[in-house]
Amino acid sequence: METIILPDAQALKETDLDPSLDPWAEIDRLRREKNAVILAHYYQDGEIQDLADFVGDSLDLSRRAAATGADMIVFSGVRFMAEVAKILSPEKTVVLPDADAGCSLEETCPPDDFARFRAAHPDHIAITYINCSAEVKALSDIIITSSNAEHIINQLPERQPILFAPDKHLGTYLARKTGREMVLWDGTCIVHDQFSARELVKLKTNHPDAPIAAHPECHQGILDHADHIGSTRSILDYVIAAPEREFIIATERHIIHQMEKAAPEKTFIAAPGSDGSCNCADCPFMELNTLEKIYLAMVNGAPRVEISEDLRLSALKPLEKMLEMSPPARSVPQAAE
Ligand code: 13P
Ligand code: SF4
C-alpha cells in the first residue's frame, strides 16, 4: 500500500528553481507562512540540521511530532520517520523532502513475509524496530527504538516468547543485554553493516585513548570493541559528558556535526569501512534530502504522507504502546540552536 502522495505534474520542480534563490530565507518565509516545523534526524547534512527547529533521534522525533502545534511537519529524515509523524499527528500535513528516502531495514522486511513470520510463531509477542513500514507496524505488538528497547523488553513477563524484527544485530544485542531469547528477523542496515572490525582495530592502535561509541545496528565485530553502545542521542550524550578528548564514532557520520557543535574542543573520528575510509558511513537514503528539496516540499505540500485510517489506527496501537512503556522524556540538548 502506497503511503506517499507525489507532487502533481504542474508542481514546482528542482529544474524550475531560479539559481539566485536563497533557500534559507525562502524556507524561513514558508515556515512562518505555513506554520511549519522542520524536524531533522542527526544523520542529515549539517546545513539541514542547522536550519531545523528540532534535531533528534527516532524516539525524540516521534515525541516532537506527536506534540507539535504546527500545521505542517517537514520531516527531514527517512520515510518511516515521516510515516510515524503522520500516524501520531493525522490532522497535520506531513511532507518529506524526497519520496525515495527509504531505509534498508524497511526494505528487508516486506509486510507479507512479516505476516507469515508472525503466523509461524503464534505464541510470540512481536517487538518491532521503528525502522519498518506502517504496514509492518500494523502487524506488530510493540514498536521500539534503540533508545527505549531495553527498558521496554525488561517490562515483558519473563516467560513471554519474543519475535524481533527487522534488525538482527540490534536483536542480538538486545537478547544479550536483557537475557531474553528472541526469534530474529534476518535484516541489517547497509550503513552499520559495512564498518570493518579489522580497520577499526588498526585505527584504535593509532588512537589508543579514544573510546569507541557504536550504534547497536553495528555487527558484533564492531560492538565487541565499543566502550559505549546506544542510540544516536545516547552516543551524543556520551561523547559530550565523557572526559576524553578524542572519540571514534561507529554510526552514520553526519551526527559528528552535532558533536562538534556541542563539544568543539574534542575530536571525532568516523569509524572506517573495509577500504579504511569512512565513506561507508553515509546513509544513501538520508543524503537524498537537500535544502532545495525541503523548500520544494514546503511549496508543493508534497511529497506528502497519506495513510488510510484503517492502517493508521492499526499502526498507532503498537506506537502508543511504545510511548506508554518508554522511559520519561528528558529535554534534548539542541546544539543546533
Ligand atoms: P536512532 O533511533 O538511534 O536515531 O537511529 C535511527 C536510525 O535509523 C539508525 O540507523
Ligand atoms: Fe535505515 Fe541504516 Fe539509513 Fe538508519 S542508517 S535510515 S537504518 S539505512
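Just above, that's the structure.
Quick look at the structure, then. (Residues numbered from 1 in each chain as written. Chains lettered and ligands numbered in written order. Predicted model: local features only at pLDDT ≥ 70, side-chain atom pairs only at ≥ 80, totals over all residues. Heavy atoms only, no water.)

With that settled, consider the pairing of strand S8 (residues 162-165). A two-sided burial pattern is seen for S8, the buried positions comprising Ile162 and Phe164 on one face and Leu163 and Ala165 on the other. Note that strand S6 (residues 125-129) and S8 share four bridges and pair parallel. Counterpart to Thr128 in the pairing with S8 is Ala165. Where S8 meets strand S9 (residues 182-184), three bridges bridge the pair, whose relative direction is parallel. Its bridge partner lying in S9, Phe164 is registered against Leu184. Handedness of the crossover is the feature at issue here: the chain leaves S8, passes through helix H9 (residues 168-178), returns alongside S9, and the resulting connection is right-handed. (Buried < 20%, exposed > 50% of the residue type's maximum accessible area, 1.4 Å probe, protein only. Helix = DSSP H or I, 4+ residues; strand = E, 2+ residues; numbered from the N terminus. Pairing = 2+ DSSP bridges. Right-handed = clockwise from strand over helix to strand, strands pointing away.)

The parallel open sheet is built from four strands, whose spatial order is S7-S6-S8-S9. On the outer flanks of this sheet lie strand S7 (142-144) and S9, each paired with one strand and no other. For this sheet, the mean inter-axis angle between neighbouring strands, taken without regard to orientation, is 30 degrees. (Axes fitted to C-alpha atoms, helices over the stretch in contact; angles between N-to-C directions.)

Let's shift gears to the site of ligand 1. Taken together, His41, Tyr43, Asp57, Ser58, Tyr129, Asn131, Ser146, His192, His215, Glu217, Ser231 and Thr232 are the residues near ligand 1. At 2.9 Å, a side-chain N or O of Glu217 approaches an oxygen atom of ligand 1. Here Thr232 contributes a side-chain N or O atom positioned 2.7 Å from an oxygen atom of ligand 1. Placement of ligand 1 is best described as lying within the largest cavity. Class assignment for the residues of the shell around ligand 1 results in two nonpolar, eight polar and two charged. (Near = heavy atom within 4 Å. Polar contact = N/O pair within 3.5 Å; in protein donor to acceptor, adjacent residues only side chain to side chain. 1 Å grid on protein atoms, 1.4 Å probe; cavity = no way out; pocket = protein on both sides within 12 Å on 5 of 7 lines; lining within 4 Å. Sits in = over half its atoms within 2 Å of the grid points. Nonpolar A, V, L, I, M, F, W, Y, C, P; charged D, E, K, R; others polar.)

The strand order S11-S10-S12-S13 describes an open sheet built from four strands, whose pairing is parallel. Each having just a single partner strand, strand S11 (228-229) and strand S13 (267-270) make up the two edges of the open sheet. Relative to S13, strand S12 (residues 246-250) is paired through four bridges, and the arrangement is parallel. Looking at S13, one finds that Ile249 is bridged to Ala270. Where helix H10 (residues 197-206) meets the sheet, it contacts strand S10 (212-214), S12 and S13, and its direction lies at approximately 175 degrees from that of S12. (Contact = heavy atoms within 4.5 Å.)

On inspection of all chains with the given rule, the structure shows two cavities of 30 Å³ or more. Put simply, the largest cavity is a space of about 260 Å³. Around the largest cavity, the lining comprises 30 residues; the ones closest to its centre are Tyr43, Phe80, Met81, Asn131 and Glu217. If you list the elements that add at least two residues to the lining of the largest cavity, you get helix H3 (58-67), helix H4 (79-88) and helix H5 (104-107). In the lining of the largest cavity, the residues fall into 16 nonpolar, 12 polar and two charged. What the second largest cavity holds in volume is close to 40 Å³. Every residue along the wall of the second largest cavity is listed here: Ser58, Leu61, Ser62, Ala65, Phe75, Met81, Val84, Ala85 and Ile130. Counting residues per element, the ones that place at least two in the lining of the second largest cavity are H3 and H4. (Points joined across faces, edges and corners; volume = space filled by probe spheres on them.)

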